[in-house]
There are 2 protein chains.
Amino acid sequence: MSSYNAAPLAKLAEQFERLPGIGNKTAQRLAYYVLKMPRERAVEFSQAIMSAHDSIHYCKECCNLTDKEKCSVCENSRRDHSTICVVEDPRDVMAVERTQEYNGVYHVLHGAMSPLNGIGPEQLTIKELLARIQNSKVNEVIMATNPTIEGETTSMYISKLLKPLGIKVTRLAYGIPVGGDLEYADEVTLLRALEGRSEM
Amino acid sequence: MSSYNAAPLAKLAEQFERLPGIGNKTAQRLAYYVLKMPRERAVEFSQAIMSAHDSIHYCKECCNLTDKEKCSVCENSRRDHSTICVVEDPRDVMAVERTQEYNGVYHVLHGAMSPLNGIGPEQLTIKELLARIQNSKVNEVIMATNPTIEGETTSMYISKLLKPLGIKVTRLAYGIPVGGDLEYADEVTLLRALEGRSEM
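Nothing here was measured: the structure is a model prediction, and the numbers come from that model. Starting afresh in each chain, residues are numbered from 1 along the sequence in its written order. A letter from A marks each chain and a number from 1 marks each ligand, given out in the order of writing. Where local features are concerned, this predicted model is filtered to residues with pLDDT of at least 70; where side-chain atom pairs are given and counted, the filter is 80 or more; whole-chain, interface and lining totals use all residues. Working from all heavy atoms in the structure, the side-chain values ignore hydrogens and water.

Caption draft 1: Representation of the interface of chain B and chain A within the structure. Listed per partner, the contact involves 55 residues of chain B and 55 residues of chain A. For the pair chain B and chain A, the summed buried area comes to about 5200 Å², and 63% of that belongs to carbon and sulfur atoms. Basic side-chain nitrogens of Lys or Arg form a salt bridge, by our definition, when they fall within 4 Å of a carboxyl oxygen of Asp or Glu. Our enumeration of links across chain B and chain A arrives at five salt bridges. Across the pair Lys 36 of chain B and Asp 89 of chain A runs a salt bridge, and its minimum N-O distance is 3.9 Å. What qualifies as a polar contact is a pair of N or O atoms within 3.5 Å, subject to a donor-acceptor requirement within protein and to the restriction that residues adjacent in sequence count only when both atoms come from side chains. Linking chain B to chain A there are 15 residue pairs in polar contact (both at pLDDT 80 or more). To qualify as a helix, a DSSP run of H or I must reach at least 4 residues; to qualify as a strand, a run of E must reach at least 2; elements of each kind are numbered from the N terminus. At the level of secondary structure, the elements contributing two or more residues to the side of chain B that touches chain A comprise α1 (7–17), α2 (24–36), α3 (39–55), β2 (65–66), α4 (72–75) and α5 (90–98) of chain B. When residues of the side of chain B that touches chain A are assigned to their parent elements, the largest contribution, 15 residues, is made by α3 of chain B. Each residue belonging to the side of chain B that touches chain A can be placed in one class, and the counts come to 31 nonpolar, 12 polar and 12 charged. What makes two residues a contact is simply this: any of their non-hydrogen atoms within 4.5 Å. Put simply, buried area is how much 1.4 Å-probe accessible surface two parts lose in total, over both of them, once they are put together. Side-chain classes follow a simple rule in which Ala, Val, Leu, Ile, Met, Phe, Trp, Tyr, Cys and Pro form the nonpolar group, Asp, Glu, Lys and Arg form the charged group, and the remainder, Gly included, forms the polar group.

Caption draft 2: Seen up close, the relation of the copies chain B and chain A. Of the transformation superimposing chain B on chain A, the axial component is 0.0 Å and the angular component is 179°, with the fit at an RMSD of 0.2 Å. One copy is carried onto the other by what is essentially a two-fold rotation axis. Taking C-alpha positions as the reference, the residue of chain B nearest the rotation axis is Ser 46 of chain B, at 2.3 Å. Here 100% of the interface residues in chain B have copies in chain A that are interface residues too; the copies meet face to matching face. Superposition of the copies was done by least squares, using only C-alpha atoms of residues whose pLDDT is at least 70 in both.

Caption draft 3: Fine view of α3 of chain B. An expected span of 1.5 Å times one less than the residue number is assigned to each helix. The terminal C-alpha atoms of α3 of chain B lie 24 Å apart, and with 17 residues this matches the ideal 24 Å at 1.5 Å per residue to within 8%. Exposed residues in this analysis have more than 50% of their type's maximum accessible area, buried residues have under 20%, and partly exposed residues fall in between, with area computed by a 1.4 Å probe over protein chains only. All buried positions along α3 of chain B are accounted for by Arg 41, Ala 42, Phe 45, Ser 46, Ala 48, Ile 49, Met 50, Ala 52 and His 53 of chain B. Each element contacted by the buried residues of α3 of chain B is listed here: α1 (7–17), α2 (24–36) and α3 (39–55) of chain A together with α1 and α2 of chain B.

Caption draft 4: Local environment of a nonpolar patch on the surface. Candidate patch residues must exceed 30% relative accessible area and have no salt bridge, after which like charges are joined if within 9 Å and Val, Leu, Ile, Met, Phe, Trp or Tyr side chains if within 5 Å. Note that accessible areas follow from Shrake-Rupley with a 1.4 Å probe, and for residues the cover is restricted to the protein chains shown. Residues Ile 176, Leu 182 and Leu 190 of chain A make up a contiguous nonpolar surface patch of about 250 Å² in total accessible area. Mapped onto the fold, Leu 182 of chain A is located in the loop between β6 (168–171) and α8 (187–195).

Caption draft 5: Inspection of the pattern of salt bridges at higher detail. Residues and elements named next belong to chain A. This structure, assessed with the given rule, holds 17 salt bridges over all chains. Close ionic contact of Glu 61 with Arg 132 constitutes a salt bridge, the shortest N to O distance being 3.9 Å. With Glu 61 in the loop between β1 (57–58) and β2 (65–66) and Arg 132 in helix α6 (residues 126–135), the pair connects residues that are 71 residues apart, well separated along the chain. For Glu 61, a relative accessible area of 28% puts it in the partly exposed group.

Caption draft 6: Region of the structure containing the packing of α1 of chain A against α2 of chain A. All names here are of chain A. One can describe the packing of α1 onto α2 by two numbers: an axis separation of 8 Å at closest approach and a directional angle of 125°. Classified by the angle between their axes, α1 and α2 sit oblique to one another. In this structure, α1 meets α2 at a crossing whose hand is right-handed. In this structure, α1 contributes Leu 9, Leu 12, Ala 13, Phe 16 and Glu 17 to the contact, and α2 contributes Asn 24, Ala 27, Gln 28, Leu 30, Ala 31, Tyr 32, Val 34 and Leu 35. The class makeup of the residues in the contact of α1 with α2 is 10 nonpolar, two polar and one charged. Every angle, taken between N-to-C directions, lies between 0 and 180 degrees, and every axis is a line fitted to C-alpha atoms, over only the stretch in contact when it is a helix. For classification purposes, angles smaller than 35 degrees are called roughly parallel, those larger than 145 roughly antiparallel, those between 65 and 115 roughly perpendicular, and all remaining angles oblique. In this scheme the crossing of two helices becomes right-handed for a clockwise turn of the near helix relative to the far one and left-handed for an anticlockwise turn of less than a right angle.

Caption draft 7: Region of the structure containing the packing of α3 of chain A against α1 of chain B. At a minimum axis distance of 8 Å, the contact between α3 of chain A and α1 of chain B shows a crossing angle of 145°. Seen from above, α3 of chain A lies across α1 of chain B with left-handed handedness. Residue-level contacts link Arg 41, Glu 44, Phe 45, Ala 48, Ile 49, Ser 51, Ala 52 and Ser 55 of chain A of α3 of chain A to Pro 8, Leu 12, Gln 15 and Phe 16 of chain B of α1 of chain B. When the residues that make up the contact of α3 of chain A with α1 of chain B are grouped by side-chain class, the tally is seven nonpolar, three polar and two charged.

Caption draft 8: Representation of the sheet that holds β6 of chain A. Residue and element names in this part refer to chain A. Pairing within the open sheet is parallel, and its four strands lie in the order β4-β3-β5-β6. Two strands bound the open sheet, and with one partner strand each, they are β4 (104–108) and β6. With strand direction ignored, the average angle separating the axes of adjacent strands in the sheet is 25°. Strands qualify as paired when DSSP identifies two bridges or more between them. The sheet contact formed by strand β3 (residues 80–87) and β4 spans five bridges and is parallel.

Caption draft 9: Main features of the confidence of the model for chain A. Per-residue confidence from the predictor is reported as pLDDT, which spans 0 to 100. When pLDDT is averaged across chain A, the result is 89; 97% of the residues are at 70 or more. β4 of chain A holds the highest mean pLDDT among the elements of chain A, 95, whereas α8 of chain A holds the lowest, 79.

Caption draft 10: Main features of unusual backbone geometry. Residues and elements named next belong to chain A. If you check the backbone angles, Cys 63 has positive phi at about 65° while not being a glycine. With respect to the helices, strands and loops of the structure, Cys 63 is situated in the loop between β1 and β2. We note that His 110 has phi near 60°; this positive angle belongs to a residue other than glycine. By secondary structure assignment, the location of His 110 is in the loop between β4 and α6. Taking relative accessible area as the criterion, His 110 reaches 17% and is therefore assigned buried.

This is the structure:
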């Protein structure tokens, strides 16, 4: 992008372009937008990046992201600490929290097994999950990985590790999404919905 | 967004959400992405914001953005300094530069007249354009504002100021875009294309 008239502007646009889903044009638009911000807002933005980067780490219980020693869910004594919902990503925790129905705790794997991409069990926080289960009373582990091959593989792997320990392992139900249209449901989803049918 | 587990993360997502065209979900995705960056890349990103903000200002000739005293176009003695292309925005300079055909210099207005939004001639760099024309030999001013009501109004206003000074004022041709489809051209564009037809 030699057509930028100023190197710092080109650099800023380049930074935006490195973000996922942001193309050349959008990066350019964002860079100009940041330039036009009042200085104090630019300072805020710039500092938010470093402050998030420097203060956030894994919760020592569930490996979710937190800026404290333990995350707010693990810290909360009114949550049911004997039920663990295993998810791939911190965003999945947010998704489950939004249902406002789940009262257990979480375990964040930070990914799913994907041998082709060199992600095995060691790259995930499975070790930490096992340690946690051995150190505290856990009744049920709910597998809530993504309904993808990687997510499935991960769930299977973990459930094989946990069952010998006498722990109840469940997984989220598959089925047609609420508000969805049968016509647009793919075959696999529909098949799973059929298999999982319940009496009315 | 109380479902964020860590305040610095929520703050970073909020910063992204303030950018134009970035919604809640994308902001969240970007914030997590920044968290996962190696620290030195986060530093780079954070610094790029402040460095662009602090080092970039208007070129003292053409009001384009630059980190030097004059922008690279104005600095270039091989460009034709007697032809000025007047544009609304620094990005428009980049667009014209990409044609690799224009050899004159620019003048960036930083907006267009829009009385409804309180933008009059004083908010634009029209004063600077006039001063420039009075202080140096200018043969032609090419109006390249956007083909909108605001852009048109601005062009008209400026051309009325310049004509008494004996300066040739031209404007970009209107017409159907190359590679476009007649069927999808709007009536006004088609009318302008007809009016501007040339012999083959």
